[in-house]
Amino acid sequence: MAEKKNTWLGLSSYTYPFLSGVNPKQRPASPLTPVQLIDRAVELGVHCVQFSDNMPLEGLTDSELDAIRDHAAAQGVLLENGMRCMTPERLERYIRLSERMCVRLLRIIIDGPGYEPDRDTILRTIRAALPLAEQCGVTLAVENHDRLLAREYAELAALTDHPLFGLVVDSTNSLSTEETMDEVLRWMAPYCVCCHIKDYVIKRSNSGVGLAIVGAPAGQGRQRIPELLERLRCEARQDFSTILESWMECCPTMEETLAQEDRWARESVAYLQVLPALRG
């Protein structure tokens, strides 16, 4: 039997999709900053932070990036980075940015506004970037996200066949392609270098007609989180991070939304921290 891989818990800027300040429905006067996200992780006893595309770092100055990196190091927090729209130019920019930040993993959503490359273009872009990724010590991690099937992501990983390329197994995104978690794991688990945990419920829509998939705190929805993590630990070929995200809907007021978002984060972390896969 193969040795079980290790995983560790992290927060994401998508743990706080409203406080991060880019949700068009409600925007706080003072959005969460990268340093504040690191501090929240420390407060909750979490030692990894993933900056995603809702908290982009590419517009920051070198001195601002260095301050974030140094603050994380001083707090003992491991950093991961994230980007959307994997053009060759953007991928190179984010690899170099990740190197400056001492980031070990770059989470990638392939598509962007007006940009949906075919498989050959995706493969060429990844392969062309791998020498720079090797030089910078950054693992490239593509996330399952809407357009492609889990099998197609696994094919990308198999065709790339490189130790610094893997997949982000998002626990919920592939509902958009009508794939179950079992189907996602069947294809993607061996290549997992990061897992995104989101819980959800299915309920009647507000109109009473049809169904809606909405978020829930981890452990309070339909996602079989303990089973998911154990399968990944058994089937992944390397250690991986487990990053908490949220699909929370907004409340009637900004104050209520931010209070619930904070409560969900705390409840989710408390649930995840006692799971055998993440304990310690």
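Residues numbered from 1 in each chain as written. Predicted model: local features only at pLDDT ≥ 70, side-chain atom pairs only at ≥ 80, totals over all residues. Heavy atoms only, no water.

Q: How do you make sense of the layout of surface pockets when you look at a structure like this?
A: Left-over empty space is what a probe sized like a water molecule reveals as it rolls over the atoms. Empty space within the largest pocket amounts to approximately 570 Å³. Considering the residues around the largest pocket, the lining is formed by 26 residues, among which Tyr14, Asn173, Lys198, Ser246 and Trp247 are closest to the centre. A class-by-class count of the residues in the lining of the largest pocket yields eleven nonpolar, six polar and nine charged. (1 Å grid on protein atoms, 1.4 Å probe; cavity = no way out; pocket = protein on both sides within 12 Å on 5 of 7 lines; lining within 4 Å. Points joined across faces, edges and corners; volume = space filled by probe spheres on them. Nonpolar A, V, L, I, M, F, W, Y, C, P; charged D, E, K, R; others polar.)

Q: For this particular structure, what's the right way to read the nonpolar core?
A: Side chains that are nonpolar tend, in soluble globular proteins, to be buried together. In terms of nonpolar packing, the biggest core is built from 73 residues, with Phe51 and Leu140 touching the most fellow members. Tallying contributions element by element places helix α4 (residues 119-136) first for this core, with eight residues. Apart from residues lying up to four places away in sequence, Leu140 is in contact with Leu91, Ile95, Leu106, Ile108, Ala129, Leu130, Ala133, Leu164, Phe165 and Gly166. (Core = buried A, V, L, I, M, F, W, Y, C linked by side-chain atoms within 4.5 Å. Buried < 20%, exposed > 50% of the residue type's maximum accessible area, 1.4 Å probe, protein only. Helix = DSSP H or I, 4+ residues; strand = E, 2+ residues; numbered from the N terminus. Contact = heavy atoms within 4.5 Å.)

Q: Help me understand the sheet that holds strand β4 (residues 105-109) in this model?
A: Strand pairing within a sheet occurs via backbone hydrogen bonds; the two strands may be parallel or antiparallel. Read around the barrel, eight strands follow the order β1-β2-β3-β4-β5-β6-β7-β10 and close on themselves; strand pairing throughout is parallel. Neighbouring strand axes in the sheet, compared pairwise and without regard to direction, differ in orientation by 30° on average. Taken together, the four bridges between strand β5 (residues 139-143) and strand β6 (residues 165-170) define a ladder with parallel strand orientation. Considered in β6, the bridge of Leu140 is made with Phe165. Its contacts with the sheet put helix α3 (residues 88-100) on β3 (78-84), β4 and β5, and the angle it makes with β3 is roughly 165°. (Pairing = 2+ DSSP bridges. Axes fitted to C-alpha atoms, helices over the stretch in contact; angles between N-to-C directions.)

Q: How should I be thinking about the packing of aromatic side chains in this particular structure?
A: The way to describe two aromatic rings as a pair is by their centre distance and the angle between their planes. According to the stated counting rule, one finds zero aromatic pairs in the structure shown. The residue whose ring lies beneath Arg40 is Tyr16, and the NZ or CZ to ring-centre distance is 4.9 Å. (Phe/Tyr/Trp six-rings, centres within 6.5 Å; stacked < 30°, edge-to-face > 60°. Lys NZ or Arg CZ within 6 Å of the ring centre and 35° of its normal.)

Q: Sorry, what's going on with a nonpolar patch on the surface here?
A: Taken together, the side chains of Ile202, Leu211, Ile213 and Trp247 present a nonpolar region at the surface, about 370 Å² in accessible area. Looking at where Ile202 falls in the secondary structure, it is placed in strand β8 (residues 199-204). Overall, Ile202 belongs to the partly exposed group, its relative accessible area being 37%. (Patch = residues over 30% accessible without salt bridge, like charges linked within 9 Å, V, L, I, M, F, W, Y side chains within 5 Å. Areas by Shrake-Rupley, 256 points an atom, 1.4 Å probe, with all protein chains shown as cover. Salt bridge = Lys/Arg side-chain N within 4 Å of Asp/Glu carboxyl O.)

Q: What is the right way to look at empty space enclosed by the protein in this model?
A: Enumeration over the complete set of coordinates arrives at two cavities of 30 Å³ or more. Looking at the largest cavity, its volume works out to about 60 Å³. For the lining of the largest cavity, the leading source of residues is helix α8 (residues 254-273), giving three residues. Of the residues contributing to the lining of the largest cavity, the split by class is seven nonpolar, three polar and three charged. Roughly 40 Å³ of volume is contained in the second largest cavity.

Q: Is there a simple way to explain the side chain of Asp111 in this structure?
A: Take Asp111: it is sitting in the loop between β4 and α4. The exposure class of Asp111 is buried, given its relative accessible area of 16%. A distance of 2.6 Å separates the side chain of Asp111 from the side chain of Arg147, its partner in a polar contact. Excluding anything up to four places from it in sequence, Asp111 contacts Arg84, Cys85, Glu116, Pro117 and Arg147. (Polar contact = N/O pair within 3.5 Å; in protein donor to acceptor, adjacent residues only side chain to side chain.)

Q: What should I look at first to understand the pairing of β8 in this one?
A: In the case of a regular strand, side chains alternate between the two sheet surfaces. Note: β8 against strand β9 (residues 211-216), six bridges, orientation antiparallel. Residue pairing for β9: Asp199 is matched across the bridge by Ala216. In this structure, the hairpin formed by β8 and β9 is closed by a connection of six residues, where Gly208 is found at a positive phi of approximately 85°.

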